[in-house]
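Take a look at the letters that make up each chain.
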Amino acid sequence: MTQTDYAAMERPIFEAWKDAGYFQRTPGFGEHAGESYTIVIPPPNITGVLHMGHALNDTIQDACIRRARMRGFQTRWIIGTDHAGISTQTKVDKRLAEQGISRLEIGREAFIEECYKWYEEYGTTIVNQIKGMGCSCDYDDEHFTLEPAYVRAVRKLFVDWYRDKLIYRGKRIVNWCPSCTTAIADDEAEYVDEAGHLWYLRYPLTEPVDGLEYLVVATTRPETMLGDTGVAVNPKDERFGHLVGRTVKLPLVDREIPIFADWHVDTEFGTGCVKVTPSHDPNDWAMGERAGLERINIFDETAHVVEGYGEFTGLSRDEAREAVVAAFEALGLLDHVEDHDHSVMTCYRCHTKLEPWESEQWFVAVDGLKEAAARVVEDGSIQFHPARWKQVYLDWLANLKDWCISRQLWWGHRIPMFYCDDCGWEDASVDEVEVCPVCGAPVRQDDDVLDTWFSSQLWPFATMGWTEEGMDAPQMRTAYPTQVLSTARDIMGLWVARMVMASMYCCDDTIPFEDVIIHPTVMAADGKPMSKSRGNGVDPLRLMEDYGADGMRYGLLMQVTGAQDMKFNEAKLESSRNFANKVKNASRFVLMNLEGYEPGAPEPVTPADRWIFSRLAKIVAAVDDGYDNFEFGDITRELYGFVWNEFCDWYIEFSKARLAEGADRSDRAACQRNLVFVLGQILRLLHPIMPFITEEVYAEMPKDEEAAPMLIVAPWPNAAELARFVDEEAERSIAMVCEVVGAVRSTRSRYGISPKVALPVAVKVAAEADAALLLAQAHLIGQLANVEEFEVAVETSKPAESAVVLGSGLEVYIVLAGHVDFDAERARLARERDGVAKDVAKFEKKLSNPGFLAKAAPEIVEKDKAKLADLADKLARIEAQLAELG
RNA sequence: GGUCGCGUGGCGCAGCGGGAGCGCAGGUGCCUUACAAGCACAAGGUCGGGGGUUCAAAUCCCUCCGCGACCACCA
């Protein structure tokens, strides 16, 4: 098999779209002229390369934006990249380390320069890959979350929230990544199950009570005992009530710490006594707050034990654990150890175990923001697709806690807080502050940067001129809110909800987007998430090489369902590539039969024309419906079936005789026009999903003067206008033709009769009207089934030595005299009789059920009665034929 | 612990109250002048198990089993 070079075909088409300016805000046309339709792409990280999630998500967005463009909207798909704080810093660190350079040696400024170098080198990679997919983004107005205007937007929001007291600074326990040496937000932490242990440690009482010398506490993290400042018991726990107020002498560090009561303690777990380390556990922190306990930080920023702990100082968390357990054992204070599975928090970036760590951080008070974000989803201003994600979103908001936004990194938006160390002045400012406005001394800016999501939340409007002109910016006035946001389910809270909160705050209570598509996650063929470590990933770039961008796009959308995952199925891409090929071949057929073509309005003349026009009208309506509900799987399956199984398999076949030499000239012209019309509509319907091949074919199609220069801006099929072509009689007529053709073909196949041998055929139909319809299409049957002496009648008897095929409302007799062994036919009829008899019995039972007759909808009863009559009749006829065959 | 998704022919999935469908793989026959990445034809399923509602259940309810996701807790 020769491999097609898809890129070679696709690239020039992409360039042509781009050069013609169709990716920028097109003016629009028709009934939607002047209405805008905007999508913001979830900005890929500058460290990223295209993966399957992008491939699917970007296909969805491109399909939406291309259809909107074809419907005449002024469209814009905003593209750009995210500076990706932790991720980029980690990669640049690694790259420097390979050269033997440490970030700390070269300092902040030089390091940031290195990050920009990375951005220059790799930041365009993923954008180029998105271009390779054919995505019609506005590449001439690309954005970056660290571009100057964006930086001002971030600072503006920080300052506004600071003034509104929605941002505050506090010393809190946060999730600390000792590897990235930064705080991360609660929702950036990932929980991983771990097979661990529960160590039971003995804490001697300072003074024995009633002969009791020690308490036993259970812990999964014995090393943190160095920072214990209390032991908690449940206030209702009778075992320990009398000990509350006493103290224990903490081993190894010789610290006297109180025993106190707190409702948080679970009497069922462990021993009912809990060691409390406020600085290294969020629950202990809370208990410590309530009990007024001392807070002792035993770890440095890389999670090594700090000075002052003797042999333990300088040990890592794991080393300290071993050492502490060994020391307890040596002292006879290790009661016992149990196996215990629990989950540990890890860094979503580097997967290092996080350390709850006390530090000073900046927070966003979410209570003032989350209500508005919940309201606009509750009242339907923002709709989720599938709808069930609405609840997930609302639950996320309901459980939201204050958001830690400071990160101890260098790459990112530096927190715009300025401090005067001389007089203690401090303030937030959009502009740089050099000297203290109070005392004139030099000031310093906060060293930390903001969480990357802090800048991401501004994406829909910071990319539209909001920074300088706010809601008066031209784009904000005309194109905000945007229409659709499509994204993966895992960043629903992290990103989607925060965009809503930020937009409601910044943009005068305006929502950022109207519809949110949560697409399924692309899982590997084994049903597991694609990952490097599993080695089960699939590379979209390879898929585009093998199936073309069109094949990949179509094949991915075909797999989209309302479920939360989709198991990646490469076979669908293969089918899609074959489908694209089919479209091209069908087009070739049409184009090579256009000799003497004269343009004109399409007008269905034959029943076949009326049938395909009717089917087209219904498909257009179904496709529109699919887009309106964001059901991409339905759209692709619907189109696949129509184009392949109706247009190609039947309509083109029907057309061949009409196009042949010697055919009626005016009918030939009508046929040409209708083929061009239907194919043209098909190209439009397929274009949002398979943009390249459809554009390529469109270039070859005959066009009149008003025709759009390229398919990308050709008008989308108009369902309302096409509705006049719906024609049930034509559909019935062609359905009968297909049935008769199928009957003859199947009989030939069964008896091994070559298509080259013409066979006489008689058809018995139920009504005179059907006879007329069918007889009028005798030529089609002759053409597709090689039939001679074709007869149709309501009253006709089965010809001698013929096979019979029973259809719905008709009976096809194929004369096989001289071709067939009738024993085989007899056996086949007997088998069919048994099948029909079974169905008859089933319907008789159903129709003799008084409940059914009384309660079922009348039309259902009528339908089933007719069905039974039909089946009974069929059965009788089979019996008759069997009798005749002897 | 809570919430949600999925279990339909060999494989991947549609269908979600009225006689089980699609694609792929497999079978048979075809180089039929658009297409062998194709054409034609045939075969293949007690719709995870059990119970219930209903005249009628793959479809609704309950329950169990099996996969999976998210949130909370986990000393």
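So, here is what we can say about the structure in this document. Here, residues in each chain are numbered from 1, in the same order as that chain's written sequence. The lettering of chains begins at A and the numbering of ligands begins at 1, in the order of writing. Local features in this predicted model are restricted to residues of pLDDT 70 or higher, and side-chain atom pairs are both shown and tallied only at a pLDDT of 80 or more, whereas totals for entire chains, interfaces and linings draw on every residue. Just so you know, side-chain values use all the structure's heavy atoms and leave hydrogens and water out.

### Quick word on the nonpolar core
Judged by nonpolar contacts, the single largest core of 136 residues is most densely connected at F632, F647, F654, V763 and L774. Whether two residues are in contact is decided by their heavy atoms: any pair within 4.5 Å suffices. Other than its neighbours up to four places away in sequence, L774 contacts M736, V737, V740, V763, V765, I781, F790 and V792. Throughout this description, the term nonpolar core refers to a set of buried Ala, Val, Leu, Ile, Met, Phe, Trp, Tyr and Cys residues connected via side-chain atoms within 4.5 Å. Buried residues are those whose accessible area, probed at 1.4 Å on protein chains only, stays under 20% of the maximum for their type, while exposed residues exceed 50% and partly exposed ones sit between those limits. Within the second largest apolar cluster, 67 residues are counted, among which are F158, W161, A372 and M501.

### Here's the deal with a negative patch on the surface
Like-charged residues within 9 Å of one another, or nonpolar side chains (Val, Leu, Ile, Met, Phe, Trp, Tyr) within 5 Å, are grouped into patches, provided each residue has over 30% relative accessible area and no salt bridge. Note on areas: these come from Shrake-Rupley sampling with a 1.4 Å probe, and a residue is covered only by the protein chains present in the view. Salt bridge, as applied in this entry: a Lys or Arg side-chain nitrogen positioned within 4 Å of an Asp or Glu carboxyl oxygen. For the purpose of counting charges, residues Lys and Arg are taken to be positive, whereas Asp and Glu are taken to be negative. His and the chain ends are not included. Each charge is placed at NZ for Lys, CZ for Arg, CG for Asp and CD for Glu. On the surface, a cluster of negative charge is contributed by D193, E338, D339 and D341. Considering each element in turn, the negative patch owes the most residues, three residues, to strand β13 (residues 334-347). Mapped onto the elements, D341 comes out in strand β13. Here a strand is any run of E in DSSP of at least two residues, a helix any run of H or I of at least four, and the numbering for each starts at the N terminus.

### Re the packing of aromatic side chains
For this analysis, a ring pair means two rings from Phe, Tyr or Trp (six-membered ring only for Trp) whose centres lie within 6.5 Å, classed as stacked if their planes differ by under 30 degrees, edge-to-face if by over 60, and tilted for the remaining angles. Applying the stated rule across the entire model yields 36 aromatic pairs. Ring centres of Y203 and F328 lie 6.4 Å apart, and the angle between their planes is 35 degrees; on these two criteria the pair is classed as tilted. Of this pair, Y203 sits in strand β7 (residues 189-209) while F328 sits in helix α8 (residues 317-330), placing them 125 residues apart in sequence. Like F328, Y203 is buried. Grouped by ring-pair contacts, the aromatic residues F158, W161, Y162, W362, W403, F454 and Y505 constitute a single cluster. Remark: a charge is flagged as sitting over a ring if the NZ atom of Lys or the CZ atom of Arg is within 6 Å of the ring centre and within 35 degrees of the ring normal. Taking the ring centre of W410 as reference, the NZ or CZ of R103 above it sits at 5.3 Å. Sitting over the face of the ring of F363, R172 holds its NZ or CZ atom 4.5 Å from the ring centroid.

### Some details on the side chain of N175
Along the polypeptide, N175 turns up in strand β5 (residues 167-177). In contact with N175, other than residues within four places in its own chain, are T182, A183, I184, A185, D186, M345, L354 and E355.

### Some remarks on unusual backbone geometry
For the bond running from H385 to P386, omega is -5 degrees, close enough to zero to count as cis. Within the fold, P386 resides in the loop between β15 (383-385) and α10 (389-398). Residue Y480 is joined to P481 through a cis peptide bond whose omega torsion reads 0 degrees. The topology assignment puts P481 in the loop between α14 (474-479) and β22 (482-488). Not every positive phi belongs to a glycine, and K165 is a case in point at roughly 65 degrees.

### Looking at the sheet that holds strand β14 (residues 355-364)
The pairing criterion is simple: DSSP has to find at least two bridges between the two strands. Spatially, β6-β5-β14-β16 is the arrangement adopted by the four strands of the open sheet, whose pairing is antiparallel. At either margin of the open sheet sits one strand with a lone partner, and together these are β6 (182-184) and β16 (403-404). In this sheet, β6 lies alongside β5 in antiparallel orientation, the contact comprising three bridges. Directly across from N175, in β6, lies its bridge partner I184.

### Re the packing of helix α20 (residues 665-686) against helix α21 (residues 691-700)
Interaxial angles span 0 to 180 degrees and are taken between N-to-C directions of axes, which are lines fitted to C-alpha atoms, for helices over the stretch in contact. Running from N to C, α20 and α21 cross one another at 150 degrees; their axes reach a closest spacing of 9 Å. When the interaxial angle is binned, α20 and α21 end up roughly antiparallel. Where α20 crosses over α21, the handedness of that crossing is left-handed. The residues of α21 that touch α20, namely those facing L683, R684 and L686, are T694, V697 and Y698. The classification used treats Ala, Val, Leu, Ile, Met, Phe, Trp, Tyr, Cys and Pro as nonpolar, Asp, Glu, Lys and Arg as charged, and all other residues, Gly among them, as polar. In terms of residue class, the contact of α20 with α21 is built from four nonpolar, one polar and one charged. The scheme is simple: roughly parallel for angles under 35 degrees, roughly antiparallel for over 145, roughly perpendicular for 65 to 115, oblique for anything else. A crossing counts as left-handed when the near helix is turned anticlockwise from the far one by less than a right angle, and as right-handed when that turn is clockwise.

### A word on the protein's contact with RNA strand B
A molecule or strand has a residue near it when one of that residue's heavy atoms lies within 4 Å. Around RNA strand B sit 63 residues, and of these A218, V274, N283, K855 and K867 come closest. Considering the 4 Å shell around the protein, atoms of RNA strand B inside it are sugar or phosphate in 57% of instances. Polar contacts here mean pairs of N or O atoms no more than 3.5 Å apart (in protein, one a potential hydrogen donor and the other a potential acceptor; neighbouring residues in sequence count only if both atoms are side-chain atoms). Interatomic distance of 2.9 Å between a side-chain N/O atom of T561 and a phosphate oxygen of RNA strand B. In the environment of RNA strand B, a base nitrogen lies 3.3 Å from a nitrogen or oxygen atom belonging to the side chain of E653. Among the residues forming the surface near RNA strand B, the class breakdown is 23 nonpolar, 20 polar and 20 charged.

### A look at the sheet that holds strand β20 (residues 444-445)
On the basis of which strands lie adjacent, the open sheet formed by three strands has the order β19-β18-β20 and antiparallel pairing. Among the strands making up the open sheet, the edge pair consists of β19 (426-428) and β20. Here strand β18 (residues 417-419) pairs with β19 via three bridges, running antiparallel. Looking at the pairing, Y419 lines up with E426 of β19. Its contacts with the sheet place helix α6 (residues 148-163) against β18, β19 and β20, and it is angled at close to 125 degrees to β19.

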